[in-house]
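Here is what each chain is made of, one letter per residue.
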Amino acid sequence: MSERGDAGTRPGGGPRVVGVIPARLAATRLPNKPLLEIAGSPMIEWVWRRALAARRLDDLYIATPDRAVLDAVGAFGGKAIMTSDRHRSGTDRIAEAARNIPCDIVVNVQGDEPLLDPGYVDRAAEALLDDPALEMASLMCPCPTEEVDNPATVKVVCALNGDALYFSRFGVPFRRSDRETVVPMQHIGLYAYRREFLFRFAALPPTPLERAESLEQMRVLEHGHRIRLVAVPRAPLSVDTPEDLKKVRRILAGPHG
């Protein structure tokens, strides 16, 4: 590949949409997470195959700093791009990979969601395809009651047009009584970006609210940019703990895995 790919339209016209899955072995709670075996295949392969079924993607890549992941991806026939091992976040890793991919829109697919609904990838991409003025989009769903006060579950508050107003680990919005009709919404960390905006986002300095909440997407809002949130029914199960891994293994080992 060339050092820097150029944006380009897809065959037959229209913006070219690619998915990029960041994957690294150095996870704190689950070391070697991308290569953990689930029903005979590494987790990253399950994520790859789910994302590959998305109708809106013209191509799909895995971005990794690890040779073992690169080799595993090659073994199941996927496409991988080696990236630096010094990135602070998956966004930075995706931005590096995207410089080598001709495209217009980049979808950030989380590498620890082997039960991902491919339609969710389409919904995020379609937000940008339908509105040329949008630079970034993401997903949300109704927040389960038991997760409203869980700081590991990120909540989002939106304007009437669906643009994010604030992301928080706290249970926002505050409910003054049981008669309140506002449904707390859970943020789902799947993003779609205009390619050039992705580069701008990755280059922006961290911001006070980003640091306070430990939420990278706050940087976008604090610098005055918009994020459109698209509602979907529920959040995909992400594999963050050994218990999550056991649950996913049971599901995917079944007759319909």
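Our structure's up above, just so we're on the same page.
The notes below deal with the structure included here.

What follows covers the environment of W48. In this structure, W48 sits in helix α1 (residues 43–52). For W48, a relative accessible area of 5% translates into the label buried. A sequence separation of 12 residues divides W48 from L60, and the C-alpha atoms of the two residues are 7.9 Å apart.

Let us look at the pattern of salt bridges. Inspection of the entire model under this criterion finds 15 salt bridges. For K33, the salt bridge goes to D240, with nearest N and O atoms at 3.7 Å. With a gap of 207 residues between them, K33 in the loop between β1 (17–22) and β2 (37–38) and D240 in the loop between β11 (228–231) and α8 (242–252) connect regions that are remote in the sequence. Look at K33 and you get buried, because its relative accessible area is 12%. What makes D240 partly exposed here is its relative accessible area of 24%. For the salt bridge of E216 with R219, the shortest nitrogen-to-oxygen distance reads 3.8 Å. Residues participating in the shared-partner salt-bridge network are R55, R56, D122 and E126.

The next thing to look at is the layout of surface pockets. A volume near 1,900 Å³ is recorded for the largest pocket. Taken together, the elements giving at least two residues each to the lining of the largest pocket come down to α3 (90–98) and β10 (185–194). Top contributing element to the lining of the largest pocket by residue count: β10, with six residues. A class-by-class count of the residues in the lining of the largest pocket yields 19 nonpolar, 17 polar and 14 charged.

I21, I62, V107, V109, V121, L139 and L190 are the most contacted members of the largest nonpolar core, which totals 43 residues. Residues in contact with V109, not counting those within four places in the same chain, are V20, I21, P22, V47, A51, L116 and V121. Counting 31 residues, the second-largest nonpolar core is a separate cluster that includes M140, F201, V220 and L229.

Time to look at the pairing of β10. Counting buried residues along β10, nine of its 10 residues qualify, which places the element largely inside the surrounding structure. Here four bridges tie strand β6 (residues 105–108) to β10, and the two strands are oriented antiparallel to one another. The residue of β10 that forms the bridge with N108 is Y191. Across seven bridges, strand β7 (residues 136–142) lies against β10 in antiparallel orientation. Paired with P142 across the strands is M185, a residue of β10.

Moving on, we come to the side chain of R228. Here R228 shows up in strand β11. Residue classification places R228 among the buried residues on the basis of a relative accessible area of 17%. At a separation of 3.3 Å, a polar atom in the side chain of R228 contacts the main-chain carbonyl oxygen of N161. Side-chain polar atoms of R228 contact the side chain of D163, separated by 2.6 Å.

The omega torsion of the bond from V172 to P173 falls at -5°, within 30 degrees of zero and hence cis. In this fold, P173 is placed in the loop between β9 (164–168) and β10. Positioned with a positive phi, N32 is a non-glycine residue whose angle comes to about 60°. You can see N32 is positioned in the loop between β1 and β2.

Bringing the pairing of strand β8 (residues 155–158) into the picture now. Pairing between β8 and β9: four bridges, direction antiparallel. Paired with K155 across the two strands is S168, which belongs to β9. Hairpin connection of β8 to β9: five residues between the antiparallel strands, including G162 at a positive phi of 95°. Two strands pair when backbone bridges link them, and β8 and β10 are joined in this way by two bridges, in the antiparallel orientation.

What counts as what
Residues numbered from 1 in each chain as written. Predicted model: local features only at pLDDT ≥ 70, side-chain atom pairs only at ≥ 80, totals over all residues. Heavy atoms only, no water. Helix = DSSP H or I, 4+ residues; strand = E, 2+ residues; numbered from the N terminus. Buried < 20%, exposed > 50% of the residue type's maximum accessible area, 1.4 Å probe, protein only. Salt bridge = Lys/Arg side-chain N within 4 Å of Asp/Glu carboxyl O. 1 Å grid on protein atoms, 1.4 Å probe; cavity = no way out; pocket = protein on both sides within 12 Å on 5 of 7 lines; lining within 4 Å. Points joined across faces, edges and corners; volume = space filled by probe spheres on them. Nonpolar A, V, L, I, M, F, W, Y, C, P; charged D, E, K, R; others polar. Core = buried A, V, L, I, M, F, W, Y, C linked by side-chain atoms within 4.5 Å. Contact = heavy atoms within 4.5 Å. Pairing = 2+ DSSP bridges. Polar contact = N/O pair within 3.5 Å; in protein donor to acceptor, adjacent residues only side chain to side chain.

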